[in-house]
Amino acid sequence: MLTTALRNVLAHKARLLMTVLAVCLGVAFVSGTLVFADSTAAVQRAAASRTFADVAVSVTAKEPVATPDQPGVLTDALARRLADVPGVAAVRPSVDGSATLNAADGRPLRVKRGTNLAAAYVPGRDGKDVRYPVVEGRAPAGADEIAVDRGTAAAGRYRVGDTITLATDGPALTARLVGTVTTGDTRITAGGTLTLFDRATAQRLFATPGNYTSLEVSAGPGTGQYELAERIAATLPPGTAEVTTRQAQAAQQALYVGTLTRGYQKLPMVFAGVSLFIGSFLVVNTFTMLVARRAREIALLRAVGATRRQVVRSLLAEAALVGVVASMAGFVLGLGIAAVLPGLLSGDGNQVPKGPLVIGPRPVAAALFVGIGVTVPAAWLPSRRAARIAPIEALRAAAAPPGGRSRLRPIAGVGLLVLGAGLLTALARSAEDASEENLRNAMLGCGVLVVALIVLAPTLAVPVIRLTGRLTRRFGVAGLLARQNALRDPRRTAATAATLLISTALVSGLATIGHSTGQALDRQTADGLAADYVISTGDTMTGIDPAAVQRVAGAPGVRGASAVADSTAVIGGKVREISGIDPADVEPADVEPDGVGQVLKLDFVSGSAQDLGPGRIAVSSSVARETGVSTGGQVNARLGRSEEFTRYTVVGVYQDNPTAHDAVGARADVQKHSFKPGSVQRILVRGDSASGEGLRAAVGNNPLLKVQNRAELVREAAGTMGDLLTLMYGLLGIGVVISALGIVNTLAMSVTERTREIGVLRAIGMDRGSIRRMIRLEAVTVAAFGTLLGLAGGLFGAWAVGALAGGAVKQYTLAVPWGTLALLCLASLTIGALAATLPARRAATLSPLEAVAEA
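Described below are features of the structure shown in this document. (Residues numbered from 1 in each chain as written. Predicted model: local features only at pLDDT ≥ 70, side-chain atom pairs only at ≥ 80, totals over all residues. Heavy atoms only, no water.)

Per the counting criterion, the structure on display carries three aromatic pairs. Where F197 meets F206, the ring centres are 6.0 Å apart and the plane angle is 65°; that geometry is what we call edge-to-face. By relative accessible area, which is 12% here, F206 ends up buried. Arranged with centres 5.8 Å apart and planes meeting at 65°, the rings of F604 and Y654 form a pair that is edge-to-face. (Phe/Tyr/Trp six-rings, centres within 6.5 Å; stacked < 30°, edge-to-face > 60°. Buried < 20%, exposed > 50% of the residue type's maximum accessible area, 1.4 Å probe, protein only.)

Below, the discussion takes up a positive patch on the surface. On the surface, R768, R772, R773, R776 and R841 cluster together into a patch of positive charge. In terms of residues, the positive patch owes the most to one element, helix α25 (residues 768–805), which gives four residues. Following the sequence through the fold, R768 ends up in helix α25. Residue R768 is classed as partly exposed on the basis of its relative accessible area of 43%. (Patch = residues over 30% accessible without salt bridge, like charges linked within 9 Å, V, L, I, M, F, W, Y side chains within 5 Å. Areas by Shrake-Rupley, 256 points an atom, 1.4 Å probe, with all protein chains shown as cover. Salt bridge = Lys/Arg side-chain N within 4 Å of Asp/Glu carboxyl O. Lys, Arg positive; Asp, Glu negative; His and termini not counted. Charge placed at Lys NZ, Arg CZ, Asp CG, Glu CD. Helix = DSSP H or I, 4+ residues; strand = E, 2+ residues; numbered from the N terminus.)

So, about the sheet that holds strand β1 (residues 57–61). The four strands lie next to each other as β2-β11-β1-β12, forming an open sheet whose pairing is antiparallel. Where the open sheet ends on each side, the last strands, each with one partner, are β2 (88–94) and β12 (241–245). Sheet twist, expressed as the mean angle between neighbouring strand axes with direction ignored, is 20°. One ladder, built from four bridges, connects β1 with strand β11 (residues 214–219); its direction is antiparallel. Bridge pairing links S58 to E216 in β11. Together, β1, β2, β11 and β12 form the strand contacts of helix α7 (residues 225–235), whose direction differs from that of β12 by roughly 170°. (Pairing = 2+ DSSP bridges. Axes fitted to C-alpha atoms, helices over the stretch in contact; angles between N-to-C directions. Contact = heavy atoms within 4.5 Å.)

For the structure shown, the criterion picks out 14 salt bridges. Here E216 and R131 are joined by a salt bridge, their closest N and O atoms 2.8 Å apart. In this pair, E216 sits in strand β11 while R131 sits in the loop between β5 (116–121) and β6 (134–137), placing the two residues 85 residues apart along the sequence. Each of the two residues, E216 as well as R131, counts as buried. For R576, the salt bridge identified is with E626, shortest N-O distance 3.0 Å. Of the two residues, R576 is situated in strand β15 (residues 574–581) and E626 in helix α19 (residues 621–627); the sequence distance between them amounts to 50 residues. One salt-bridge network, in which partners are shared between bridges, spans R92, D129, R131 and E216.

Structure (structure tokens):
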């Protein structure tokens, strides 16, 4: 039977080609992602090892950085003491911090991954720092000089001699770029920036004069890192510093960069899962058609003594062979994916480590496991049907017509439909609770719903295709025959349409959720903010100089500017955000702003912002609902750096507002407890004719500050929408490719089965053009069926998941992107028509006499 299986695979290799391609695509994503992960990990480990090649032990202080009132531990005196420890070859003092630069165009040079590292250039006896070799210009030697790495220079479009604006933790500074360096530090090569200062300047910015943030110790010949670590630890004052070996430090840095780049692996794995899931339906459909085509052959095997078990094993062996071929092809294709992924994922401030491909046993085993694991289980049901073919079928002159409808399928499908729809409906009613558990349950409900539609598809095929068939009848006899051919075997039609059903459901659901979320965020920004620009720090740990508010107010085109102090507040056992405002800056949400100071819209359910003051706050509707507090009541809260709870009187409850955050208080009251006392974190600006460039100039072009108009605020709030669109188009592309393969495969095998029928049609006068039209219309009918079911499932799932999103994104309402869905339908129908090109051409070229004569 194994020999028979091999011969059958070779005999039907053309028909199995589409199946191999579909499975190959999923295997390629899996194996390629694993090879990419192993390769980037190897590059990170190698880079980290090179970075610390000359460092045996690193010493860091346990306490915070030294201050003038509290002398530090890591001093020049300690460095000299460590240099006298037996086995120490050299001690390199280091000062590290953070610095953000403005690019050559004046905009902040921000990174999505990595870090904005700042460090001291520490020359050795030869005047060079081995950690940062200079490649152009020279090293910084004064307070107004810096050097950067080559990657930072390229990203910022800097040239040696340029004057660069930068900031560490405070006002903007300017310095002249005197050189560029190279570095193997993976925190930088992963997409970060590096700014080097001379030693004295770095100490002044990130420590205190004479103090360092770490001491890096090199070992002499014959001294191991662990032995040296013990000697160094014995020399240090007890409890003052930590000693880390080279191996541990390299592992920590590699782990840090690995965490930053791990997100790159998620999207290919999602594509792999979807492609394999969709491809499994193509496997089922292909083997089902092969079994129907080879019914007489299987019956003959049964007649000469083959048992049912042997028939099942033979077909499963064929599926395994297909899986092995798909795994091998997919693995080779996956190597190509792994090779191009670093280049595709790099850019826009991100740098993915590049290096030679590392091919380990894990991706090879995964390719085989995935390829065989998809094809063999998918072929199990067709093989069971083949085993039930009676030996008497070998005596029939023609293949038996398709089997009758299953009575169990509609019952199971309706049960799954009720379960999935019921779960999604119940979750939609709990829209205020957008917890991770509810979101996971919503994903489960969507999966159950899609499976229900797939199970019900053969039952729904007849009424839906009869309905859409009214359109195909306009094409005359060819359209009528196309509809009848699609209805001939509802199971086959449903299996072919399943691939489009899944991809259409995914894409339409994601498109609807993304469109609805974008509109909700736009409404939130418009309704909650009367200001035209917002200048912010991005966090509560840094601040804006209050004097900058006056400079911004005097900028050209500005009609008013108001400061907001942001901090944290523990209310009701949760860490929340509180905004410190001037009550004069708040206006009712239903009144158009007419004063220069009115920049914030708050829709108060009860109370008023005018009552804000020391010990008095207002809270959002969500906080009021969670804590059970109302206007006039009291609540315990701990603001910012305060260590004790204070009892506050609630003077108002307002509708949730992303600009005002969870609570608002008087600005002076919030500033008193903030992490940067006296500072503000946002400046709200009114002025239709104001410009972003003018406002940036007013705050000294400080790269730590963000200057955003309303549109930019909406884009930032919808930061994940770009990833969602990438996912949506990726899923659409995968679905389209596999759907096209499925339609080509089904129609090609259908044309083979209907050779005599097509010959008769040609013999009684149907021309080749009508034959081609009939096959194309059949493909479009199948594509339309899958698209309609997918749209129904996707929109229902989007409604349920979107209702949960309303708990996190206020003002969320379902907004159907009709234009996107129309394009999706057009693309699906077009793919159906194009996929039918080859089968239609083959059918039209059949000779009538030879076709009729075929047994």
